[in-house]
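Examination of the molecular architecture
Okay, here's what each chain looks like letter by letter:
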Amino acid sequence: MLLDLSGKKILVTGIANNRSIAWGIAQQLKAAGAELGITYLPDDKGRFESKVRDLTSPLQPSLFLPLNVQDNSQIEMVFSEISSKWGKLDGLVHCLAFAGKEELVGDYSATTSEGFKRALEISAYSLAPLCHHAKPLFTDGASIITLTYLGAERAIPNYNVMGVAKAALEASVRYLSAELGPEKQVRVNAISAGPIRTLASSAIGGILDMIHNVEEKAPLRRTVTQTEVGNTAAFLLSNLSSGISGQTIYVDAGYCINGM
Ligand code: IMJ
């Protein structure tokens, strides 16, 4: 049986530019035949909107919508648009994360309450309300994925509050999996991607060290590509993975198996 997403309607969040892992995912989903809805983060000057629109137009998304997950009315708007345009949803791709720059350097103990709340709200909590609003639209066998990182379970220098947020996200995947599975065979999984040079990583001190470390030590002696993460996403959104739910799947060139 070949991987086939034709007829599937999938919402992809978290594309910021051509380095975004979400962009790699969207391209592979389209290549497998999916019909896409794409969201972008609205900002005052509309910079993300035009950038993401230009980038994604070759994928001919049938929905292109603003989504700031900190604004509940925007979440409601996205799913009311999906309801009227598609009347159903076969897949949801959650690739949203944010922490303040100051929280991603130095001591974890220096994390402020506001910084903690913001990182956890955007990077972990947001998956729950998206699933909640999508629930009535999910078809039998719908699939939800999110992105996580090894820093959820190991102390990785400077990852700090994002590690705590990803730990909460991975636990959310298990609780959502338990909630959404019984009625309609809806599955929820996370992809734990190895380090890639993305917008979310470029601004970060020590990221190059981490990449060099992976190139030296991972079983495959290299980093992974957006396309490899995208291909695993396509698998998890397809019926080929129909027996997999609640899991964190590592797409990291094998890095996490090492003892040191
Ligand atoms: C992020 C921080 C510290 C170490 C890190 C990372 N390593 C990797 C990342 C080793 C691979 C990238 N990553 C897995 C993330 O989840 C990044 C999230 C992120 C990045 C930024 C940068 C710009 C900003 N806020 C951010 N919020 C979250 O202002």
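As the structure is a computational prediction, the values presented were derived from the model and not from experiment. (Residues numbered from 1 in each chain as written. Predicted model: local features only at pLDDT ≥ 70, side-chain atom pairs only at ≥ 80, totals over all residues. Heavy atoms only, no water.)

When you go through the chain residue by residue, the secondary structure sums to nine helices and seven strands. Taken over C-alpha atoms, the radius of gyration comes to 17 Å for the chain, in line with the 18 Å a tight globule of 260 residues would show. Structurally, the chain occupies a C-alpha span of about 45 × 45 × 35 Å along its principal axes. Taking all 260 residues of the chain together, 50% fall into the buried category. Pairs at least 24 apart in sequence give 77% of the contacts found in the chain among residues at least 6 apart. By element, 53% of the accessible surface of the chain is carried by carbon and sulfur atoms, the whole surface being about 12,200 Å². Within the chain, the 25 negative side-chain charges are centred at a point lying 4 Å from the centre of the 23 positive side-chain charges. (Helix = DSSP H or I, 4+ residues; strand = E, 2+ residues; numbered from the N terminus. Rg over C-alpha atoms; globule rule 2.2 N^0.38 Å. Buried < 20%, exposed > 50% of the residue type's maximum accessible area, 1.4 Å probe, protein only. Contact = heavy atoms within 4.5 Å. Areas by Shrake-Rupley, 256 points an atom, 1.4 Å probe, with all protein chains shown as cover. Lys, Arg positive; Asp, Glu negative; His and termini not counted. Charge placed at Lys NZ, Arg CZ, Asp CG, Glu CD.)

Attention shifts here to unusual backbone geometry. Non-glycine residue Asn160 carries a positive phi angle of around 45 degrees. Residue position: Asn160 is located in helix H6 (residues 160–184). Accessibility expressed as a relative area gives 13% for Asn160, which makes it buried.

Within the largest apolar cluster, 80 residues are counted, with the highest numbers of intra-cluster contacts made by Ile25, Leu29, Phe79 and Val229. Broken down by element, this core gets its largest block of residues, seven residues, from H6. Excluding anything up to four places from it in sequence, Ile25 contacts Val93, Cys95, Ile145, Leu147, Val229, Gly230 and Ala233. (Core = buried A, V, L, I, M, F, W, Y, C linked by side-chain atoms within 4.5 Å.)

Here we come to the sheet that holds strand S7 (residues 248–251). Spatially, S3-S2-S1-S4-S5-S6-S7 is the arrangement adopted by the seven strands of the open sheet, whose pairing is parallel. A single partner strand is all that each edge strand has here, and the edge strands are strand S3 (63–66) and S7. Neighbour to neighbour, the strand axes of the sheet diverge by 20 degrees on average, direction disregarded. Two elements, strand S4 (residues 89–94) and strand S5 (residues 138–148), share five bridges in a ladder whose sense is parallel. Following the sheet pairing, Val93 is matched in S5 by Ile145. Packed onto the sheet, H6 meets S4, S5, strand S6 (187–193) and S7 and runs at close to 175 degrees relative to S5. (Pairing = 2+ DSSP bridges. Axes fitted to C-alpha atoms, helices over the stretch in contact; angles between N-to-C directions.)

This part is about the packing of aromatic side chains. Between two aromatic rings, the relevant description is the distance of the centres plus the angle of the planes. Applying the stated criterion across every chain, the model contains two aromatic pairs. Each ring, one from Tyr40 and one from Phe64, has its centre 4.8 Å from the other, and the planes form 25 degrees; the classification is stacked. Taken as a pair, Tyr40 in strand S2 (residues 35–40) and Phe64 in strand S3 lie far apart in primary sequence, 24 residues in all. Since its relative accessible area comes to 7%, Tyr40 is described here as buried. (Phe/Tyr/Trp six-rings, centres within 6.5 Å; stacked < 30°, edge-to-face > 60°.)

Taking 1.5 Å as the rise per residue, helix H3 (residues 72–85) with 14 residues should run 20 Å; its terminal C-alpha atoms sit 20 Å apart, in good agreement. Gln74, Ile75, Val78, Phe79 and Ile82 are the residues of H3 that are buried. With its buried residues spanning 130 degrees around the axis, H3 presents them on a single face. Contact partners of the buried residues in H3: strand S1 (9–12), S2, S3, S4 and helix H5 (127–134). Positive backbone phi, approximately 70 degrees, marks Gly87, located one or two places after H3. (Expected span 1.5 Å × (residues − 1). Arc of directions from axis to C-beta.)

Okay, the pairing of S4 next. Most of S4 is tucked away, with six of its six residues classed as buried. Both S1 and S4 contribute to a ladder of three bridges, which runs parallel. Pairing of Val12 across the sheet is with Val93, part of S4.

One pass over the structure, following the stated rule, counts six salt bridges. Asp90 serves as the salt-bridge partner of Lys88, at 2.8 Å between the closest nitrogen and oxygen. Taking relative accessible area as the criterion, Lys88 reaches 25% and is therefore assigned partly exposed. (Salt bridge = Lys/Arg side-chain N within 4 Å of Asp/Glu carboxyl O.)

Across its 13 residues, helix H4 (residues 113–125) extends only 16 Å between first and last C-alpha, which sits more than 12% below the 18 Å expected from 1.5 Å per residue. Three or more residues of H4 are buried, namely Gly115, Ala119, Leu120, Ile122, Ser123 and Ala124.

Before going further, it helps to spend a moment on the packing of H5 against H6. The interhelical angle for the contact between H5 and H6, taken along N-to-C directions, is 20 degrees, at an axis separation of 10 Å. With respect to each other, H5 and H6 are oriented roughly parallel. The handedness of the crossing between H5 and H6 is right-handed. Touching Leu127, Ala128 and Cys131 of H5 are Leu169, Val173, Leu176 and Leu180, all from H6. Class assignment for the residues of the contact of H5 with H6 results in seven nonpolar, no polar and no charged. (Parallel < 35°, antiparallel > 145°, perpendicular 65-115°, else oblique. Left-handed = near helix turned anticlockwise from the far one by under 90°. Nonpolar A, V, L, I, M, F, W, Y, C, P; charged D, E, K, R; others polar.)

It is worth stressing that arrangement in space is one thing and function is another; only the former is reported here.
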